[in-house]
Amino acid sequence: MAKKSSIARNLKRKRLIERYANKRKELKDMLKGMEPLVDGEINQEFLSAQHKLTKLPKNSSPIRYRNRCSITGRPRAFIGKFGLSRLTFRELALAGKIPGVTKSSW
């Protein structure tokens, strides 16, 4: 079982990502459409958009969110389709608690 603080921190990141998603997307789209240099000079609009993007909280970036097992909070060996780690998935599958999942044999 993962530490409660790690799970809570990850949930906080998820909420921040959802809160700032629209603003972050607008700034990113604005930066994609602009040229950083215009006639050899620095584009001030580009710099201001870039500055606004860096002022957003670091944890509002989607890359900082970590997939974790919904039961144990384990961050590694995550199976995205089920939202579980491999260990929890195996336990639940063998107990028959995941519909449609059977042990294979050939």
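Look above for the structure.
Presented here is an overview of the structure given in this document. Computed from a prediction, not measured in an experiment: that's the story for all the values here. (Residues numbered from 1 in each chain as written. Predicted model: local features only at pLDDT ≥ 70, side-chain atom pairs only at ≥ 80, totals over all residues. Heavy atoms only, no water.)

**Some remarks on the overall build of the chain**
- A tally of regular secondary structure across the chain gives three helices and four strands.
- When the helices and strands of the chain are listed from N to C terminus, the series reads α-β-β-α-β-β-α.
- For the chain, whose C-alpha radius of gyration is 21 Å, the value lies well above the compact-globule estimate of 13 Å for 106 residues.
- Seen along its three principal axes, the alpha-carbon backbone of the chain occupies a region of about 65 × 35 × 20 Å.
- Out of the 106 residues belonging to the chain, those deemed buried represent 25%. (Helix = DSSP H or I, 4+ residues; strand = E, 2+ residues; numbered from the N terminus. Rg over C-alpha atoms; globule rule 2.2 N^0.38 Å. Buried < 20%, exposed > 50% of the residue type's maximum accessible area, 1.4 Å probe, protein only.)

**Some points on the packing of helix α1 (residues 4-33) against helix α2 (residues 44-55)**
- Interhelical geometry of α1 versus α2 gives an angle of 150° and a closest axis separation of 10 Å. Between α1 and α2, the angle is such that the two are roughly antiparallel. The two elements α1 and α2 cross, and the hand of that crossing is left-handed. Contact residues: Arg24, Leu27, Lys28, Met30 and Leu31 in α1; Phe46, Ala49, Gln50, Lys52 and Leu53 in α2. (Axes fitted to C-alpha atoms, helices over the stretch in contact; angles between N-to-C directions. Parallel < 35°, antiparallel > 145°, perpendicular 65-115°, else oblique. Left-handed = near helix turned anticlockwise from the far one by under 90°. Contact = heavy atoms within 4.5 Å.)

**Remarks on a nonpolar patch on the surface**
- On the surface, Leu37, Ile42 and Leu47 cluster together into a nonpolar patch covering about 280 Å² of accessible area.
- Relative to the helices and strands, Ile42 is located in strand β2 (residues 41-42).
- A relative accessible area of 52% places Ile42 in the exposed class. (Patch = residues over 30% accessible without salt bridge, like charges linked within 9 Å, V, L, I, M, F, W, Y side chains within 5 Å. Areas by Shrake-Rupley, 256 points an atom, 1.4 Å probe, with all protein chains shown as cover. Salt bridge = Lys/Arg side-chain N within 4 Å of Asp/Glu carboxyl O.)

**Examining the nonpolar core**
- Core analysis: the largest hydrophobic core is formed by seven residues, namely Leu27, Leu31, Met34, Phe46, Ala49, Leu53 and Leu56.
- Counting residues per element, the ones that place at least two in this core are α1 and α2.
- The biggest single contributor to this core is α2, with three residues.
- Sequence-distant contacts of Leu56, that is, excluding residues within four places in its chain, are made with Tyr20, Lys23, Arg24 and Leu27.
- Membership of the second largest hydrophobic core comes to five residues, among which are Leu84, Phe89, Ala93 and Ile98. (Core = buried A, V, L, I, M, F, W, Y, C linked by side-chain atoms within 4.5 Å.)

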